[in-house]
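Below are the chains, spelled out letter by letter.
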There are 2 protein chains.
Amino acid sequence: MSLFTEQAVTSSDKTFFSLRKAIVEGEIPSGTKLSETELSTKYAVSRAVIREAINRLEACHIVERKANVGARVVALSQAGLEELYQVRESLEGMAARLAALNMSDEDINGLTQLLNHHASNVKSGESYYQEAGDVDFHYRIILGSKNNHLITMLVNGMYHLIRMYRVQLGMAGPRVTTAFDEHQHIVRAIRNRDPELAEMLMRRHIQYSKNNIANKLSSDNSKERTS
Amino acid sequence: MSLFTEQAVTSSDKTFFSLRKAIVEGEIPSGTKLSETELSTKYAVSRAVIREAINRLEACHIVERKANVGARVVALSQAGLEELYQVRESLEGMAARLAALNMSDEDINGLTQLLNHHASNVKSGESYYQEAGDVDFHYRIILGSKNNHLITMLVNGMYHLIRMYRVQLGMAGPRVTTAFDEHQHIVRAIRNRDPELAEMLMRRHIQYSKNNIANKLSSDNSKERTS
DNA sequence: ATCACACAAATTGTCGACAAAAGTATCATT
DNA sequence: AATGATACTTTTGTCGACAATTTGTGTGAT
């Protein structure tokens, strides 16, 4: 029961989704040049739809384009991760604040149920939690902000790039139980209708998450240097 | 001496800029249906470049598109303004925070000079300040964040929509001197390298600004009702 | 008079071809 | 051998035409 299933109506949509998935999952590696003719034969569509797909990918910062030269998949870097998470902290902090104001009581109950469901998984040792559960939690709060600008920016825009970092840097890592506690505190603040606290806790939560990834990233780098 | 002059290299760029300007300035009214064929004859380009321009406009939330139906210029509403300014508060707050950390001393000096320059204008009673000066101030802080995601989102994305609200609701209004004081306080916080305070002051500044517009908007509405 | 269906008109989506620009290789000159 | 100019190749940008979908209209039945 996914809360948000964007459905492809046009051929350009399908191509956009396919391309985005291929890039995010790393099938098309970071830094690759995206040749329009090549992709048009590979995906069996005209160059026009490829161009539109690439334009959309550019809009969510997954590829970079230069006029008369072409598009490349963005390069992942520590600095880029830092910048991305600064923006994420800002926007999701605001989302949590607004969620504390605008979520309905039913929404909040659903959120609590989700966490309870996770709690049992965490205790039983499954880390099934991380990927699906974590994004579900964050999605609900973002949607709970009831702010369409915010929702679009985060869900259609940034989250795919965030996922690209997480997938390609192999972030199936730990940080399960501590993140779970943080989630609980956030929900408590929302339930108490405390926007100030909800924002602060969400920002901290995302800062920790960033540090976790950044640490793994730099430790991977040092491993690489010594190998 | 504009800090940021995006230059059109391709024909699609030019059309995008023209269209954006026409919409923001209200020449193409809010809510208008954008016919591709019509625009292609009007701007003397092919439908392909019109489509690309419309796609880009959609990416910055200036038009809304439905598949197989078409694109319309967004409708301006109190709720939309509220949402927009919530996001703006969040992002520019973060920008001020980062500016306090990342701006060079020269950058800060330049900012101070700008304010001094404005001070003389304010005292001499010219309200030349508002439009150009205000955006210049905010631009510098946004650029001072040195965060490319943030910069792109705000400068290439949101600011045109913000300007659309300000232009079309006739915001040449007052609030000059009080905004000037707020600007000074923000710069002081940045100079003191106090990110926490800089963010808080910027957020307050934008909240006030929103209230100012919202008040004008609702008073206009009531005038309309009684006339 | 109203609703349903079918048909027509108009608009968007997709395609292949041409034009223009960037990149590459070759050759001449120093 | 290095450098610069020139021709060539490849890739992106732009265009007009066709296909598919939606919207508006009109006809007929209830």
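Residues numbered from 1 in each chain as written. Chains lettered and ligands numbered in written order. Predicted model: local features only at pLDDT ≥ 70, side-chain atom pairs only at ≥ 80, totals over all residues. Heavy atoms only, no water.

(A) Fine view of the protein's contact with DNA strand C. In the neighbourhood of DNA strand C, 22 residues make up the surrounding shell, with Thr-10, Ser-11 and Ser-46 of chain A together with Arg-47 and Arg-51 of chain B lying closest. A share of 69% is what sugar and phosphate atoms reach among the atoms of DNA strand C within 4 Å of the protein. Ser-12 of chain A has a polar backbone atom sitting 3.3 Å from a phosphate oxygen of DNA strand C. Contact between DNA strand C and Arg-51 of chain B: a phosphate oxygen at 2.3 Å from a side-chain N or O atom of the residue. Of all the elements in the fold, those that place two or more residues in the surface near DNA strand C are helix H1 (11-24) and helix H3 (47-59) of chain A together with strand S1 (33-34), helix H2 (36-42) and helix H3 (47-59) of chain B. Per-element accounting of the surface near DNA strand C gives the leading share, three residues, to H3 of chain A. In terms of residue class, the surface near DNA strand C is made up of seven nonpolar, nine polar and six charged. (Near = heavy atom within 4 Å. Polar contact = N/O pair within 3.5 Å; in protein donor to acceptor, adjacent residues only side chain to side chain. Helix = DSSP H or I, 4+ residues; strand = E, 2+ residues; numbered from the N terminus. Nonpolar A, V, L, I, M, F, W, Y, C, P; charged D, E, K, R; others polar.)

(B) Region of the structure containing the protein's contact with DNA strand D. Looking at DNA strand D, there are 22 residues lining it, with Arg-47 and Arg-51 of chain A together with Thr-10, Ser-11 and Ser-46 of chain B nearest. At 3.3 Å from a phosphate oxygen of DNA strand D is found a main-chain nitrogen or oxygen belonging to Glu-36 of chain A. For the surface near DNA strand D, the secondary-structure elements that each account for two or more residues are strand S1 (33-34), helix H2 (36-42) and H3 of chain A together with helix H1 (11-24) and H3 of chain B. Per element, the largest residue contribution to the surface near DNA strand D is three residues, and it comes from H3 of chain B. Residue composition of the surface near DNA strand D, by class: seven nonpolar, nine polar and six charged.

(C) Examining the relation of the copies chain A and chain B more closely. Note on the identical chains: chain A maps onto chain B by a rotation of 180° and an axial translation of 0.0 Å, with an RMSD of 0.0 Å. Within this description, the copies of the chain are treated as partners about a two-fold rotation axis. Within chain A, Ser-90 of chain A has its C-alpha nearest the rotation axis, a separation of 2.8 Å. Mapped onto chain B, 100% of the interface residues of chain A are again interface residues, and the two copies thus contact each other with one and the same surface. (Least-squares fit on C-alpha atoms with pLDDT ≥ 70 in both. Contact = heavy atoms within 4.5 Å.)

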